[in-house]
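A look at the structure
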Amino acid sequence: MSTLAPLRLLREPSNASEGNQSNATVGAGGGWCQGLDIPNELFLALGLVSLVENLLVVAAILKNRNLHSPTYYFICCLAVSDMLVSISNLAEMLFMLLLEHGVLVMRPSIVRHMDSVIDMLICSSVVSSLSFLGVIAVDRYITIFYALRYHSIMTLQRAVVTMASVWLASTVSSTVLITYYRSNTILLCLIGFFLFMLVLMLVLYIHMFALARHHLHSISSQQTPPTAHRGGSLKGAVTLTILLGVFFICWAPFFFHLILIVTCPTNPFCTCYFSYFNLFLILIICNSVIDPLIYAFRSQELRRTLREVVTCSW
């Protein structure tokens, strides 16, 4: 699969020569370093599934007035971000296939311009998706620990400012990334951003998980423990664990790839790891598929609205 220009560079670091990479690959273990041959059809299928899922989430939230709250607005923005990840990847793949098969004929300058536009869209959607994952984590934290003050803390005005700030920052950062993607400083900023989001979510979710365990301990110490509350606490604790686990599994391999590019671009192990680059992209797209299942489809109100949207019961 053809990937965006900065990611093509990440697949083969500029400070590692062809000879060094080839020798390193051979010395590191032959077949294992050949990577995975992932068909374009898989990228296309996952992109379409993600697009449909997130489009349904956006339509459901817009349709149901009961879902017009900061929490669901953040979920809607996450769905839009994930949808843009799918659309931009699908657009780039189709664009490159049309060029390769001679169906689309364009001047090189126009091709470079289109490539830059698609690249910026992909980078912006990835950064905004990561950002809204963090925003949702903060929103849930406020909901649990400051439940009585939630509506005064997370007002609609503050939610709008937060969403606008994320989209603006994502657009600016993606523009800088496309312009200076050969700089290790840019890669370090991306790595730092991912680590910040990971630590933020980890701290918030561990604190919320600890609260759930505390509630379970308090309930179990009573003579007549209410089963419904215990089940709710357990479900909440399991959900938080799934959220953090999926986030780490889907994003960590790609950002570990960036770390290796900065630290050991010619090391045999690193060059072998680079050969699995398409797999890391698949995981990122899978995250766009899984996000709606975790953040949206677990809501009973949203599931009901989704059924109405699918069956056209307007």
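All of the points below concern the structure found in this document. (Residues numbered from 1 in each chain as written. Predicted model: local features only at pLDDT ≥ 70, side-chain atom pairs only at ≥ 80, totals over all residues. Heavy atoms only, no water.)

1. As for the side chain of serine 50
Worth spelling out the cut-off: Secondary structure follows DSSP: runs of H or I at least 4 residues long count as helices, runs of E at least 2 residues long count as strands, and numbering of each begins at the N terminus. Two N or O atoms form a polar contact when they lie within 3.5 Å of each other; inside protein one atom must be a possible hydrogen donor and the other a possible acceptor, and for residues adjacent in sequence the pair counts only when both atoms belong to side chains. By the convention used here, residues are in contact when the closest approach between their heavy atoms is within 4.5 Å.
With respect to the element layout, serine 50 can be found in helix H3 (residues 40-63). A polar atom in the side chain of serine 50 sits 3.4 Å from the backbone oxygen of serine 288. With residues up to four places along the chain from it excluded, the contact list for serine 50 reads Asp82, Ser86, Ser288 and Val289.

2. Brief notes about the state of the cysteines
Let me state the cut-off plainly: Here, a disulfide means two cysteine sulfur atoms that sit within 2.5 Å of each other. Relative accessibility decides the category of a residue: with a 1.4 Å probe and only protein chains considered, values under 20% of the type maximum give buried, values over 50% give exposed, and everything between is partly exposed.
Per the stated rule, a full pass over the model turns up one disulfide. What pairs with cysteine 264 in a disulfide is cysteine 270, and their sulfur atoms sit 1.9 Å apart. The sign of the -70° torsion about the S-S bond sets the cysteine 264-cysteine 270 disulfide as left-handed. The exposure classification of cysteine 264 matches that of cysteine 270, with both residues buried.

3. Description of a nonpolar patch on the surface
This is how the line gets drawn: Exposure above 30% relative accessible area and no salt bridge define the residues that can form patches, which grow by joining like charges within 9 Å and nonpolar side chains of Val, Leu, Ile, Met, Phe, Trp and Tyr within 5 Å. Each accessible area value is a Shrake-Rupley result obtained with a 1.4 Å probe; residue values ignore everything except the protein chains displayed when judging cover. We count a salt bridge whenever a side-chain nitrogen from Lys or Arg sits within 4 Å of a carboxyl oxygen from Asp or Glu.
A surface patch of nonpolar side chains, about 400 Å² in accessible area, is lined by Leu168, Val172, Val176 and Tyr180. Mapped onto the fold, valine 176 is located in helix H7 (residues 156-179).

4. Some thoughts on the packing of helix H5 (residues 108-145) against H7
Operational definition: Think of each axis as a best-fit line through the C-alpha atoms, taken over the contacting stretch in the case of a helix, with angles from 0 to 180 degrees between the N-to-C directions. Reported orientations rely on four angle classes, namely roughly parallel under 35 degrees, roughly antiparallel over 145, roughly perpendicular from 65 to 115, and oblique for the rest. Take the far helix as your reference; a near helix turned counterclockwise from it by less than a right angle gives a left-handed crossing, and one turned clockwise gives a right-handed crossing.
In the contact formed by H5 and H7, the axes pass within 8 Å of each other and the chain directions differ by 140°. Taken together, the axes of H5 and H7 are oblique relative to one another. For the crossing formed where H5 meets H7, the hand is right-handed. Contacts between H5 and H7 pair Asp119, Met120, Cys123, Ser124, Val127, Ser128, Ser131, Phe132 and Val135 from the former with Thr162, Met163, Val166, Trp167, Ser170, Thr171, Ser173, Ser174, Thr175, Leu177 and Ile178 from the latter.

5. Remarks on the pattern of salt bridges
Close approach of charged atoms allows side chains with opposite charge to pair. Taken as a whole, this structure holds three salt bridges when the rule is applied. For glutamate 301, the salt bridge is made with arginine 304, and the minimal N-O distance between the two is 2.7 Å. Linking glutamate 301 with arginine 304, this pair stays in helix H12 (residues 300-310), spanning three residues, or about one helical turn. Here glutamate 308 ties to arginine 304 by a salt bridge, and the two come within 2.7 Å at their closest N and O atoms.

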